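# Chain and residue survey
Listed below, chain by chain, are the residues.
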Amino acid sequence: MRLEAAERALTRPGRRGWAALAALSCLVVVGVLALQSIRPPAARPADAPAAEFSAARAFEHVRAIAAGPHVAGSAANDAAREHIVTTLRGLGLDAQVQDTVTTQGGRLSSSAGGVGLARVRNVVALWPGTASTGRIFLVAHYDSVQTGPGGNDDAAGTSAILEAARALTSGPRLRNDVVLVLTDAEEACLCGAEAFVDQHPLARQGGVVLNLEARGSTGPAIMFETSEHNAGLVGALAGVPHPVGTSFAVEIYRLLPNDTDFTAFREHGFTGLNSAYIDGAAVYHTPVDTPASMNQDSLQHHGDTVLALTRDLGDRDLATLRSTGDATYFPVPGGLAHYPGSWTWPLAVAALLAVLALAWLARRRGLATAPRLAGAAGLALVPLLVVPALAQLLWILLKIIRPGYAELPIDPYRPGWYRLAVLALTVAVVAAWYALLRRRLGPAALAIAGLLWPAVLGLVLAAVAPGGSYLTALPALAGAVSGILAVLLRRGWVPVAAVTLGAAAAVVVLLPTLVMFFPAMGMNLAGTGAFIAVLLALALLPILDLLHPEAGGQRGLDALHARRRAALPALAATLAVVAFAAAGLLVDRFDGTHPAPTHLMYALDADTGQARWLSRSPTPTDWTAQYVGGDPGSVTDTLPAFGAEELLSGPAQPASLPAPELTKTADTTTADRRTVTLRLTPRRPVRLVTLHVAADVEVASAVVGGRTVPTDRAAGGAWGFGFVFHAPPPAGVEVTLTVPAGAPLKLRAMDASDGLAALPGFHERPADVGVVGSHSSEMLAVAKTYTF
C-alpha cells in the first residue's frame, strides 16, 4: 500500500462530508454538556421552601449591606454590621462583635514596606452542634473598598451566609458546631480574619473553613483554593449540587501573590475551601460594583454550595476528614470528576507511553515515517508558541485603539467578543499550520505530534503543579488510545468513531477549563486562555482532517482546488478574528454604566502648605491629564506610606485641611535606649493613619495600638520603620517606640480620607469617566513632620 493510501485508511470513510458532520455534531453535543457543568443554577424566588437557599431572599441582604461604600471604620460599615447582627439574632443566634486591634501585612502597607494594622469588628455567631466532632466556619467579609459599595465583593458572600444560616436554623441541629464569621477590614489588610484566628477562643482548635468571595459580577462559584491534603474535602464538594472547581486553578492560585481571608485560616492550620465567582471583573472594586450589577444565579450558586457542604460536613466525623494527599479534580457533565493525587504520575507516564506507542504503530503500518514524525513534533511547537503571543498582541492593539483599557486590571466590561476573537485566532493559526504541513508531513504525523507535547507537558506539570497535570495528560492519553484503535480497526466508520471519542474526551477536560480561564486571567493575560485553546485544537486535529480533501491523488486543477479548500478554514477564521474584534470595539464602549476607569488622589504637605494631584495611571485619560503630567516620580520623601511607588503628579490648590496630630505623652531614657510614647490622632474623619520614622533612626521595638509590631520593614528614601493603621479610633492610636538615646526623633505622620469632590480645583467627572479599583483611588492625604 502506498503511504498516501495508508493515511486515508486512518480516519477517512468513503463519504468524508458525512463523517465530518457526524463527528462535529457529536462534539457540539459533548461541548454543550461540558459547558452545562460550569453553569450556575437559576436563582430561586423569595417563596422557595424554607429549607432551601433563595437568591431572592439573600439579595435583600445584599441591598442592605451594599447600599453604598462601607470601608472599615466608617459609619456606613457600622450600619452594615448592625444589619448582620440584627439578622443573626433574629434567627436565635447569639451574634457577638469581636472588637480588637490586629496586625497583618496589608496591601497599602506592604507596598510601603511598612506594617499593616487595623481596628476590626468581626461578627461571630455559634450554632452549637448536638455532639460536635469539630467546627465548621462559614466566612465572608462585610466591609467594602472605599471606591465602591461592594455589591459582589463581598456583600454576596456575607448575604449567602446569612441566607444559609436561615435555612440551616429552620431545620434540626447538625452534629457539629457551625461558626459564622463575618470579618471586617479584609479590603484594608485582611486584618479581620487574622484577628479571629489569632485571638478568638472559637478558633483555638481549628476546624473546616468555607470562605466565600467574589472578584466579578457573574459566572459560576468556582472552588479555586484549598488547604493541603484536600482529598476528603474534594470528595465532599463532589457530592453537592452543581460543584465547580479544578485542581489546576488551585495550583495556579498558589503561584500568585493574591490573598483572601482564607489565607489567614489556612496559615493557622485550618482545612477548608475557598470559592468565588470571577466573571465580569471590570466592576471589581469600582463604584459600579452595585447590587444591580450582580447576576443572582451566581449568588444562588454560592448559597447552594455552602448550604449543601455545611449540611454534609455538619453530620460527619470531622476528625476523619483530613486526608494524606491532594486530589485531582475537574468538572464533567453531571458533576465533578476526582481521583487521588497518587494517580498523577502513572497517568502522565501512561499518556506519554501511549503517544509513543501510537507513533510506533503508525510507522509500522506505513502511516508515517520517522523523519515525518520528528519534523511534525518540532513544528507542533509553532502554534503552541505563536497563538499565545498573537493573543497578547491583539490585546495590545485593542488597548492602543481604546486607551482606557489600560486601566482595567483584568477584563473589559463586555469581553465576550474579544474572547471569541482569541478562539478564532487559535483556529486560524492551527488551521493554516495544518493546511501548510498536511501534504508534506501527513495527517497521521501531525495528529501524533499534536498529542506528543501535551503528553510531555503532563509530565512537567506532574513535577511542578500536580493538580494541573490532568489538563494535558488525560486528553493526550485519550487521543493516543483512540488513535491506536483507529489504526488497528480500519473498517468503515470505526476509525472516525474512535477518534471522535478521543476528541470528545479532550472537549470534556479542556473546554470548561478554557471557559473558566478566560475570566480568571482576563484579556490582560489573553495568552493563557489561548494556550489552552491551542491544546484543545491540537487534540481535534483528526476531526479537522475530515474537513480536508483526501490526501494524495490530486493532479493539476484538482490539486489546486484541493489546496484552496484546505485554506478555507484558516481564511474564514482570520476574517472572524477581525469581525469579532470589531464587534467588541463597537459593543464595549465606555458610557455612564460602563465608565472608563481613572486614578486620581490629592496630597497636602502641611509642612510647606503645598498640594499635589497624584495618579498611578499608566496612560492618563484626557480628564486625568488636566491634573497630572510629565514622567512618573517617587513620592517617598513626602508620602513614605507609598514606598517606592512612582506616580504622575501636578500642582493643586491647597485645601484647608488639618494635619494629623502627634503628641508626646511619655519619654524615658535608660542607659543608651530612649522609650517614647506618642498619640497619633486624626483631626478629621479618616480611613487610615500612617507614621514613619526617619531612616537614620534605628527602632529597636514598637508597640502600636497595644500590639507589638516588627520593626524591620523600611519605607525607603528618607524614611525607615513605619506602619499603616486602618479604621483608627477617633481618640487616636497610642504608639510606643524604643530608639537610641541622645538623638532627635523625627517622624512623618499622614492621614487619609476619601472623596475629592469638595477640593478646590476639582472638576466633576463626565458620565463616561469612572474610578479605577485601587486602594488609593480618590484618596485625600495630609502629611506633617514632627520632631521630638
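Shown above is the structure to which this text applies.
I will try to describe carefully the structure that is included in this document. Only a predicted model underlies this, so the values are computations on that prediction, with no experimental measurement involved. (Residues numbered from 1 in each chain as written. Predicted model: local features only at pLDDT ≥ 70, side-chain atom pairs only at ≥ 80, totals over all residues. Heavy atoms only, no water.)

### A word on the environment of F642
Which entries qualify depends on this criterion: The helix and strand labels rest on DSSP assignments: H or I over at least four residues marks a helix, E over at least two residues marks a strand, and numbering proceeds from the N terminus. Between buried and exposed lies partly exposed: a residue is buried under 20% and exposed over 50% of the maximum accessible area for its type, with that area taken using a 1.4 Å probe on protein chains only.
By the secondary structure assignment, F642 is in the loop between strand 13 (629-634) and strand 14 (646-652). Classification of F642 by relative accessible area gives buried; the value is 1%. For F642 and Y418, which are 224 residues apart along the polypeptide, the C-alpha to C-alpha distance reads 35 Å.

### Notes on the side chain of E251
Going by this rule: Neither His nor the chain ends is counted toward charge; the positive residues are Lys and Arg and the negative residues Asp and Glu. We count a salt bridge whenever a side-chain nitrogen from Lys or Arg sits within 4 Å of a carboxyl oxygen from Asp or Glu. Throughout, a residue-residue contact means that at least one pair of heavy atoms, one from each residue, lies within 4.5 Å.
With respect to the helices, strands and loops of the structure, E251 is situated in helix 10 (residues 247-255). Here E251 occupies a buried position and makes no salt bridge, while the nearest side chain of opposite charge, R254, is found at 4.1 Å. Sequence-distant contacts of E251, defined by excluding residues within four places in its chain, comprise A465, P466, G467 and G468.

### A word on the environment of V494
Structurally, the position occupied by V494 is in helix 19 (residues 494-521). Separated by 465 residues in sequence, V494 and V29 place their C-alpha atoms 20 Å apart.

### Observations regarding the sheet that holds strand 22 (residues 733-740)
Note the following rule: For two strands to be treated as a pair, DSSP must find no fewer than two bridges joining them. Simply put, an axis is a line fit to the C-alpha atoms, just over the touching stretch for a helix, and the angle between two N-to-C directions goes from 0 to 180 degrees.
Sheet architecture is open: five strands sit in the order 15-16-22-18-19, paired in antiparallel fashion. If you trace the sheet from one side to the other, it starts and ends with strand 15 (661-670) and strand 19 (707-709), each paired once. Between one strand axis and the next, the sheet turns by 20° as a mean value, whatever way the strands run.

### Thoughts on unusual backbone geometry
Cis geometry marks the peptide bond from D153 to D154; its omega dihedral reads 5°. Topologically, D154 is positioned in the loop between strand 3 (135-141) and helix 6 (155-169). Here the phi dihedral of A185 falls at roughly 60°; this positive angle occurs in a residue that is not glycine. Assignment of secondary structure puts A185 in the loop between strand 4 (177-183) and helix 7 (186-189). Here A185 falls in the buried class, since its relative accessible area comes to 0%. A positive phi is found at H242, a non-glycine position, where the angle reads about 55°. Residue placement: H242 occurs in the loop between helix 9 (231-238) and helix 10. Judged by relative accessible area, which is 39%, H242 ranks as partly exposed.

Read these as spatial facts, not as claims about activity.
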